[in-house]
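So you can see what is in the structure, the chains are spelled out below.
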Amino acid sequence: MATMKDVAKLAGVSVGSVSNVFNGLNVKKSTYDKVIRAVKELDYETNNLARSFKLSHTNTIALIVPTIWHPFFSSIAFYLEEVAEARGYHVFLCNSNNNEENELNYIKMLRKNKVDGIIAITYRDIDSYMEGSLPFVSIDRHFNKDISIVSSDNFNGGRLAAQILNEKGAKKLLFVGTHNVVYNETMKRKQGFESYCIEHKLDYHIIDLLEPNVDFTEDLKEFMNEHPDTDGIFAINDFVGLNIIETLKSINKEVLKDYQLIGFDGIKMSNEREYLVSTIVQPVKQLAYDAFEILMKQIKDLDYKEQRIIPGKFMEGGTTY
């Protein structure tokens, strides 16, 4: 049966370095790669996994997302795996398909399988299921209890969108979005938008539908027919922004010609592509890295709690002047 010394000898590193890899501590990537290769060659992984379970430490965390198809959520997954791998951790990716029952089943499963902690993006009411000692970090939602969170600054992002539309000459502003019955950080985008408009005495209106009713097509058409001089629109996210553009085409309203539009998230089809719309870009990499950092602190100290709000930035995407 292979030992830690055998792994160290085959990898050409110290026993201490092997221990650091197994315990998720910072090591050089070259060292980490050597150790993992040696682990696989010696079939040490099975022994190490048993040892980890005995110590209630598996070097495995879970990420729960509403859907992997959304570029924002898939980007979070990409960067979380990047930082986790560099620290010797594995990531279970749990795609809930935006279903509360699926989320709860995942949580139950993850507890049984003894992951070291969970990072979740959820807009469902799962507070009561987060009781207990399992480290947990939320991205983009404040729970009704003392749970760590990492989030973009949605409120000031909404203010920034209204400010930029105003600075670019828009005089009649409109917010278009939806909201969940469970409070989450994305609702602050509308609040920030309203705050700026009120503070600067701008003419503005709101279309904000309660989910699951997310089809704003008729509401938007009716509003634009009644307020044809609306020339600046803030969409709660980039995909809503794209839907607005398509909807307004049907009543002969063209983006840039008739109005300017700003979304939120910073969606691209790939790193090499331009933004789909002018947008308030979320710092996705920092969100993922900070969530991992906070989770590591909680794994070491279950009483540790932290809430981080990270500023976004405006980027042109072809729907503003």
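Note: the structure precedes this text.
Anyway, here's the lowdown on the structure attached to this text. Everything numeric in this text was worked out from a predicted model, so none of it was measured.

Things to note about the overall build of the protein chain
Item 1. Assigned secondary structure in the protein chain consists of eleven helices and twelve strands.
Item 2. Expressed along its principal axes, the backbone C-alpha trace of the protein chain runs to roughly 75 × 40 × 35 Å.
Item 3. Within the protein chain, the fraction of its 321 residues that count as buried is 50%.
Item 4. Once local pairs closer than 6 in sequence are excluded, the contacts in the protein chain between residues at least 24 apart make up 68%.
Item 5. Accessible area of the protein chain: about 15,600 Å², with a carbon and sulfur share of 50%.
Item 6. Distance between charge centroids for the protein chain: 8 Å, based on 37 positive and 45 negative side chains.

So, the sheet that holds strand S11 (residues 307-310)
The strands making up a sheet are joined through hydrogen bonds of the backbone, oriented either antiparallel or parallel.
Item 1. Reading across from one edge, S2-S1-S3-S4-S5-S11 is the order of the six strands in this open sheet, with parallel pairing throughout. Two strands bound the open sheet, and with one partner strand each, they are strand S2 (90-95) and S11. For this sheet, the mean inter-axis angle between neighbouring strands, taken without regard to orientation, is 15°.
Item 2. By the bridge criterion, three bridges tie strand S3 (residues 117-120) to strand S4 (residues 136-139) in an arrangement that is parallel. Pairing of Ile119 across the sheet is with Val137, part of S4.
Item 3. Packing of helix H6 (residues 100-112) onto the sheet brings it into contact with strand S1 (60-65), S2 and S3, and relative to S1 it is tilted by some 175°.

Describing the pairing of strand S8 (residues 232-235)
Item 1. With burial as the criterion, each face of S8 is covered, one bearing Gly232 and Phe234 and the other bearing Ile233 and Ala235.
Item 2. In this sheet, strand S9 (residues 260-265) lies alongside S8 in parallel orientation, the contact comprising three bridges. When the sheet's bridge partners are listed, Gly232 is paired in S9 with Gln260.
Item 3. With helix H10 (residues 238-249) bridging S8 and the parallel S9, this β-α-β connection has right-handed handedness.

Digging into the environment of Phe216
Item 1. Note on placement: Phe216 falls in the loop between strand S7 (203-210) and helix H9 (217-226).
Item 2. Once the C-alpha coordinates of Phe216 and Asn243 are considered, the two residues, 27 residues apart in sequence, prove to be 9.2 Å apart.
Item 3. Not counting chain neighbours up to four residues away, the residues in contact with Phe216 comprise Val176, Ile207, Leu209, Val240, Asn243 and Ile244.

Describing unusual backbone geometry
Item 1. Cis rather than trans, the peptide bond between Glu211 and Pro212 has omega equal to 15°.
Item 2. Inspection of the secondary structure puts Pro212 in the loop between S7 and H9.
Item 3. Despite not being glycine, Asn252 has its phi angle at roughly 65°, a positive value.
Item 4. Its location among the elements puts Asn252 in the loop between H10 and S9.
Item 5. The exposed category is assigned to Asn252, whose relative accessible area is 65%.
Item 6. Positive phi, normally seen in glycine, also occurs at Asp265, with a value near 135°.
Item 7. In this fold, Asp265 is placed in strand S9.

Calculation rules
- Residue numbers here run from 1 along each chain, matching the order of that chain's written sequence.
- Totals for whole chains, interfaces and linings use all residues, but because this is a predicted model, local features are given only for residues with pLDDT of at least 70 and pairs of side-chain atoms are given and counted only at 80 or more.
- The side-chain quantities take in all heavy atoms of the structure and omit both hydrogens and water.
- Only DSSP runs of H or I covering at least 4 residues are called helices, and only runs of E covering at least 2 are called strands; the numbering of each starts at the N terminus.
- Throughout this description, buried means an accessible area under 20% of the type-specific maximum (1.4 Å probe, protein chains only), exposed means over 50%, and partly exposed covers the range between.
- We call two residues in contact when some of their heavy atoms are within 4.5 Å.
- What sets the accessible areas is the Shrake-Rupley method with a 1.4 Å probe; for residues, cover comes only from the shown protein chains.
- Charge assignment in this entry is limited to Lys and Arg as positive and Asp and Glu as negative, and neither His nor the chain termini are counted.
- Taken as the charge location is NZ of Lys, CZ of Arg, CG of Asp or CD of Glu.
- In this scheme, strands are said to pair when DSSP sees at least two bridges between them.
- Axis geometry follows a simple rule: fit a line to the C-alpha atoms, using only the stretch in contact for helices, then measure angles between N-to-C directions, giving values from 0 to 180 degrees.
- Note on handedness: a crossover is taken as right-handed if, strands pointing away from the viewer, the path from the first strand over the helix to the second is clockwise.

Nothing here speaks to function; it is geometry throughout.
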